[in-house]
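Now for the letters of each chain:
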Amino acid sequence: MTAQVIDGKAFAATVREKVAGHVARLKEEHGITPGLAVVLVGEDPASQVYVRSKGKQTVEAGMNSYEHKLEADTSEADLLAVVDQLNNDPNVHGILVQLPLPGHLNEDLIINSIAPEKDVDGFHISNVGLLGTGQKSMVPCTPLGCLMMLRDHHGSLSGMDAVVIGRSNIVGKPMAQLLLGDSCTVTIAHSRTKDLPEVVRRADIVVAAVGRPEMVPGDWIKEGATVIDVGINRIDAPEKGEGKTRLVGDVHYESAAAVAGAITPVPGGVGPMTIACLLANTVTACCRANGLAEPEGLTA
Ligand SMILES: NC(=O)C1=CN([C@@H]2O[C@H](COP(=O)(O)OP(=O)(O)OC[C@H]3O[C@@H](n4cnc5c(N)ncnc54)[C@H](OP(=O)(O)O)[C@@H]3O)[C@@H](O)[C@H]2O)C=CC1
Ligand SMILES: Nc1nc(=O)c2c([nH]1)NC[C@@H]1CN(c3ccc(C(=O)N[C@@H](CCC(=O)O)C(=O)O)cc3)C=[N+]21
C-alpha cells in the first residue's frame, strides 16, 4: 500500500480562507477587527521564523497583528506587565507567548497570567481544565489542526484505536483529550513506555509528537493506519551541500508511507495547520468577547 498524503498545506489554506471570510463579516457587520498579539522573548532563530510567519498570515486574513519583541534577559515582572497590558487592551483578542521562554522565566506563571479567554494557545490551566471536562474552551492549535485533518479524512473517529507518542502539555496531552472526545480508545506513550513498537502497531491512528528525527519506522505502523507526524526537526543535509539542513518529522516518512493508509508530510503537514488554527482561535476569541455567534467548524 502507498499512503494517501494528507496535504496540511492545502487544508490550512482552506481554513485561512474561512477565517478571512469571518473576519470580513466581523468588520462589515460589526466594525470589529480581530487582533492577535505575539510576544517573543529572546532571539531564538526558529522562533523568529514562526513569529514572522504568524504575523504575515494574521495580516493576510485581515486581522491586526501586534508583535512584542523583548530582550532575552527581560525580567519576569516586565514580561508580566506586557501580558497585563495586552489582557486589558480591547483591540487584542488573542495573546500568544512564544515558547520556550528563556530559562530564568517561569513558563507556567507567565502562561497562567494570560486572560483565559485571550489564551489562543489553549495552554492556561483554565482552558486545560475545560478541555479535560469537555467544556467550551480555547483548544491548543497543533492538536486542533491534527484533529481537523483526522476528521476530514475519516469522518467519524468513534471506536478507533489511537496512540499518541509524547505527553507534553502543548501537544501530547491535549491531543489525547481531543481524540478521547471523539470516542477513540486512546493510549499515550512516552519515553518510559515498554515495547513502544508493539504499542504503536495496535493503532489505527498514530500521532507522533516526540521531537526525535525519524524515530518511528514503517515497521511499527499497522497496514492502512493513519499517521499524523507532528515532529519538526531540522537535521544536517550534506547531500544538499555543505552546511545545508532539511526538515524531517518524528516518523520515517518513506518506510511509513509504504504501509500507512494516510500520512502527513513534514514540511507541509501539521505545521501549516497549527498557524491556521491559531488564526481560527483568534476569530473565535473575538466573537466570544463580543457576544457574537462563533464560526462553525473552526474549533473542536
Ligand atoms: N507542527 C507544529 O506545529 C509543532 C511541532 N512541534 C514538534 O513536535 C515535537 C514534540 O514537541 P513537544 O511535545 O513540545 O516535545 P516535548 O519534548 O515537550 O515532549 C516530547 C515527548 O516525547 C516523549 N519521548 C521522548 N523520547 C521518546 C522515546 N524515545 N520514546 C517515546 N517517547 C519519547 C517524551 O517522553 P517523556 O515525557 O517521558 O520525557 C515527551 O513526552 C517536536 O519535534 C516539536 O518540534 C511542537 C509544537 C508544534
Ligand atoms: N506559544 C507557542 N505556541 C505554538 O504554537 C508554538 C510555540 N509556542 N513554539 C514553537 C512551536 C512550533 N510551532 C510551529 C508552527 C508552525 C510550523 C510550520 O508552519 N512549519 C512548516 C515549515 C516551517 C519551516 O520551514 O521551518 C511546515 O511544517 O510545513 C512549525 C512549528 C508552533 N509552536
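Residues numbered from 1 in each chain as written. Chains lettered and ligands numbered in written order. Predicted model: local features only at pLDDT ≥ 70, side-chain atom pairs only at ≥ 80, totals over all residues.

S.K.: Tell me about the overall build of the protein chain, residues and numbers included.
M.R.: Counting its regular elements, the protein chain contains 10 helices and 11 strands. Scaling as 2.2 N^0.38, a compact globule of 300 residues should have a C-alpha radius of gyration of about 19 Å, and the protein chain matches this with 19 Å. With the C-alpha coordinates of the protein chain rotated into their principal frame, the extents come out at 50 × 45 × 35 Å. In the protein chain, which comprises 300 residues, the proportion classed as buried is 46%. (Helix = DSSP H or I, 4+ residues; strand = E, 2+ residues; numbered from the N terminus. Rg over C-alpha atoms; globule rule 2.2 N^0.38 Å. Buried ≥ 20, exposed ≤ 12 C-beta atoms within 10 Å, placed from the backbone.)

S.K.: Any details on the UniProt feature "binding site: NADP(+)" (unreviewed entry) in the protein chain? Residues and values, ideally.
M.R.: Per the UniProt entry, the sites bearing "binding site: NADP(+)" (unreviewed entry) are Gly166, Arg167, Ser168 and Ile232 in this numbering. Tracing the sequence through the fold places glycine 166 in the loop between strand S5 (161–165) and helix H7 (172–181). Once residues lying within four places of it in the same chain are set aside, the contact partners of glycine 166 are Val171, Gly172, His190, Ala209 and Val210. Locating isoleucine 232 in the fold gives a position in the loop between strand S8 (226–229) and strand S9 (233–236). For isoleucine 232, a count of 21 C-beta atoms within 10 Å gives the class buried. Non-local contacts of isoleucine 232, meaning those with residues more than four positions away in its chain, are made with Leu247, Val266 and Gly271. (UniProt positions renumbered as here; feature names shortened; annotations may be inferred. Contact = placed C-beta atoms within 7 Å.)

S.K.: Outline the packing of helix H6 (residues 141–154) against H7, listing residues and values.
M.R.: Remark: H6 packs on H7, axes separated minimally by 8 Å, with the N-to-C direction vectors making an angle of 35°. Taken as a pair, H6 and H7 cross one another with a handedness that is right-handed. Contacts from Pro143, Cys146 and Leu147 of H6 reach H7 at Pro174, Met175 and Leu178. Its residues assigned to classes, the contact of H6 with H7 shows 6 nonpolar, no polar and no charged. (Axes fitted to C-alpha atoms, helices over the stretch in contact; angles between N-to-C directions. Left-handed = near helix turned anticlockwise from the far one by under 90°. Nonpolar A, V, L, I, M, F, W, Y, C, P; charged D, E, K, R; others polar.)

S.K.: I'd like a rundown of the sheet that holds strand S1 (residues 4–5), residues and numbers included.
M.R.: Read from one edge to the other, the open sheet built from 6 strands follows the order S1-S11-S8-S7-S5-S6, with strand pairing classed as parallel. Sheet topology places S1 and strand S6 (185–189) at the edges, where each strand pairs with a single neighbour. In terms of strand pairing, S5 meets strand S7 (residues 205–208) through 4 bridges, oriented parallel. From the neighbouring strand, valine 164 faces S7, where its bridge partner is valine 207. This element, H7, spans S5, S6 and S7 of the sheet and lies at about 170° to S6. (Pairing = 2+ DSSP bridges.)

S.K.: For the environment of methionine 273, give the residues involved together with the corresponding values.
M.R.: Looking at the element boundaries, methionine 273 is found in helix H10 (residues 270–289). Expressed as a C-alpha distance, the spacing of methionine 273 and valine 15, which sit 258 residues apart in the sequence, is 8.1 Å. Those residues in contact with methionine 273, other than ones at most four positions away along the chain, are Gly8, Phe11, Ala12, Gly145, Met148 and Met149.

S.K.: Can you lay out the site of ligand 1 for me, pointing to particular residues and giving the numbers?
M.R.: In the neighbourhood of ligand 1, 26 residues make up the surrounding shell, with Gly166, Ser168, Ser191, Gly211 and Thr274 lying closest. A total of 3 residues in the shell around ligand 1 trace back to one element, the largest contributor, which is H10. Residues that form the shell around ligand 1 fall into these classes: 10 nonpolar, 12 polar and 4 charged. (Near = placed C-beta within 6 Å.)

S.K.: I'd like to hear about the pairing of S7, residue by residue, with values.
M.R.: Judged by which residues are buried, S7 turns out to be covered on both faces: Ile205 and Val207 on one side and Val206 and Ala208 on the other are all buried. When S7 meets S8, the two strands line up parallel, connected through 4 bridges. Looking at S8, one finds that isoleucine 205 is bridged to threonine 226.

S.K.: Could you give me a rundown of the domain arrangement of the protein chain, with the residues and numbers involved?
M.R.: Partitioning the protein chain into domains gives domain 1 (30–119) and domain 2 (141–270). On a C-alpha basis, the centres of domain 1 and domain 2 stand 28 Å from each other. (Domains from an automatic or database assignment.)

S.K.: Give me the lowdown on unusual backbone geometry, citing residues and values where you can.
M.R.: Cis geometry is found at the peptide bond from leucine 99 to proline 100, where omega equals 0°. Inspection of the secondary structure puts proline 100 in the loop between strand S4 (94–97) and helix H4 (107–111). Here the residue pair valine 266 and proline 267 is connected by a cis peptide bond, since its omega of -5° sits within 30 degrees of zero. You can see proline 267 is positioned in the loop between strand S11 (262–263) and H10. In the Ramachandran plot, serine 183 falls in the positive-phi region, its phi being about 65° despite a non-glycine side chain. Mapped onto the elements of the fold, serine 183 is located in the loop between H7 and S6. The exposed category is assigned to serine 183, around which 12 C-beta atoms lie within 10 Å. Positive phi, normally seen in glycine, also occurs at aspartate 195, with a value near 50°. Assignment of secondary structure puts aspartate 195 in the loop between S6 and helix H8 (196–201).

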